[in-house]
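Coordinates in review
Each chain, written out:
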There are 2 protein chains.
Amino acid sequence: MNDHLKETTIRTKSIFKGKIIDLEVQDVQLPNGEESKREIIHHPGAVAVISFTNEGKLILVKQYRKALEKAIAEIPAGKLESGEDPLECAKRELEEETGVKAKNWSKLHSFYTSPGFANEIVYVYLAEDLHTGNVNMDEDEFVERVDVTLEEANQMILSEEIHDAKTIYAIQYWQLNQRQGM
Amino acid sequence: MNDHLKETTIRTKSIFKGKIIDLEVQDVQLPNGEESKREIIHHPGAVAVISFTNEGKLILVKQYRKALEKAIAEIPAGKLESGEDPLECAKRELEEETGVKAKNWSKLHSFYTSPGFANEIVYVYLAEDLHTGNVNMDEDEFVERVDVTLEEANQMILSEEIHDAKTIYAIQYWQLNQRQGM
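Quick summary incoming for the structure in this document. Not measured: the values here are computed from a predicted model.

The next thing to look at is the sheet that holds strand 10 (residues 143-148) of chain A. All names here are of chain A. Reading across from one edge, 6-5-10 is the order of the three strands in this open sheet, with antiparallel pairing throughout. Strands at the two margins of the open sheet, each flanked by one partner only, are strand 6 (70-74) and strand 10. With direction set aside, neighbouring strand axes in the sheet form an average angle of 25°. Here strand 5 (residues 58-65) runs beside strand 6; their pairing, made up of five bridges, is antiparallel. Among the inter-strand pairings, Q63 is bridged to a residue of strand 6, identified as I72.

This is the structure we're talking about:
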């Protein structure tokens, strides 16, 4: 769709190849024939998991985010390893960060986080029928599990302890679906 | 909060300073005393606007996103100019991209889009009491306005014409608030 909006690559310059992100600058031709530059981050993609305890609390993990210079509470998440299936990644991350395994998994949404400059995509799963795994908790992840009620979650949005798009999305998802007995 | 999770900067190396993003690599000290590296994108921050036509349709704009190599439909959005107030930026972007002005503005949420590697924050506003401005439409923005019903919006999520976090958040917000007469 929308070929009249398309920007065409003229040339690409690689600036940086890192452990997590790569940066390139592209010269592009705009729809009106003029040229412009695009700064683009390549990212392997990520997963995020919405899961609830038997008491109906949402499982979050607190983690220091160096880019923000603060700790925030987020739904469990992590980036894809090379070639990794998103669902397998979601199962791995949930267990590494929370010690929990789930029997039932369903994909809810995928979304790009910052389409203006990055190709990072997040695959969001709902994990149900939880049981304690705890075998594969990652010792090197400095994360702290916290289980919250919907009221607590909304309070944490106000206090900005919850402060990222995927977790606010998850809490809205919770609000939308709690009438169906979640 | 959570000082025991904190990562401390040991040194910072600037890799790239661009028009929109800067990239730096930090050596950090982890809570257990070990060292690690963090790849961090600095971004000026952005705004996004949820607004509805008199017919109750959500106003979206289609735009080619070079990082994704496809056009997607998003709520109107744009990045902050240096020192710009987010609300003023939201008013400017809504008019530049859609030709619409609004009398009533309220801030809904702010959220970080990619806390794992970027400090981009998005301030989301609800714009109400719209009227056609059309004076300041930006000729250099290759965007195409499209107004959608909730049913159309949900269909576009399935077809991935809507495929970014802030717009899926906006559609959830719409679903959560339509019972209050939105």
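Read on, since the account is not over.
Another aspect to go through is the relation of the copies chain A and chain B. Between the two copies, chain A and chain B, the superposition gives an RMSD of 0.0 Å; the rotation angle is 180° and the shift along the axis is 0.0 Å. The two molecules are tied by a two-fold rotation axis, judged by turn and shift. Both copies share a contact surface, since 100% of the interface residues of chain A are interface residues in chain B too.

Residue and element names in this part refer to chain A. Over its 13 residues, helix 1 (residues 86-98) runs 18 Å from end to end, which matches the ideal 18 Å to within 8%, given 1.5 Å per residue. Turning to helix 1, its buried residues number three or more, namely P86, C89, A90, E93, L94, E95, E96, E97 and T98. Buried residues along helix 1 sit against strand 4 (46-51), strand 5, strand 7 (77-79), strand 8 (100-112), strand 9 (121-132) and strand 10.

Let us look at the sheet that holds strand 1 (residues 8-17) of chain B. Residues and elements named next belong to chain B. Read across the sheet, three strands follow the order 1-2-3 without closing on themselves; strand pairing throughout is antiparallel. The sheet is open, and its two borders are formed by strand 1 and strand 3 (35-42), each paired with just one other strand. Along the sheet, successive strands turn relative to each other by an average axial angle of 20°, direction set aside. Here strand 2 (residues 22-29) runs beside strand 3; their pairing, made up of eight bridges, is antiparallel. Looking at strand 3, one finds that Q26 is bridged to R38.

Rules used throughout
Residues numbered from 1 in each chain as written. Chains lettered and ligands numbered in written order. Predicted model: local features only at pLDDT ≥ 70, side-chain atom pairs only at ≥ 80, totals over all residues. Heavy atoms only, no water. Pairing = 2+ DSSP bridges. Helix = DSSP H or I, 4+ residues; strand = E, 2+ residues; numbered from the N terminus. Axes fitted to C-alpha atoms, helices over the stretch in contact; angles between N-to-C directions. Least-squares fit on C-alpha atoms with pLDDT ≥ 70 in both. Contact = heavy atoms within 4.5 Å. Expected span 1.5 Å × (residues − 1). Buried < 20%, exposed > 50% of the residue type's maximum accessible area, 1.4 Å probe, protein only.

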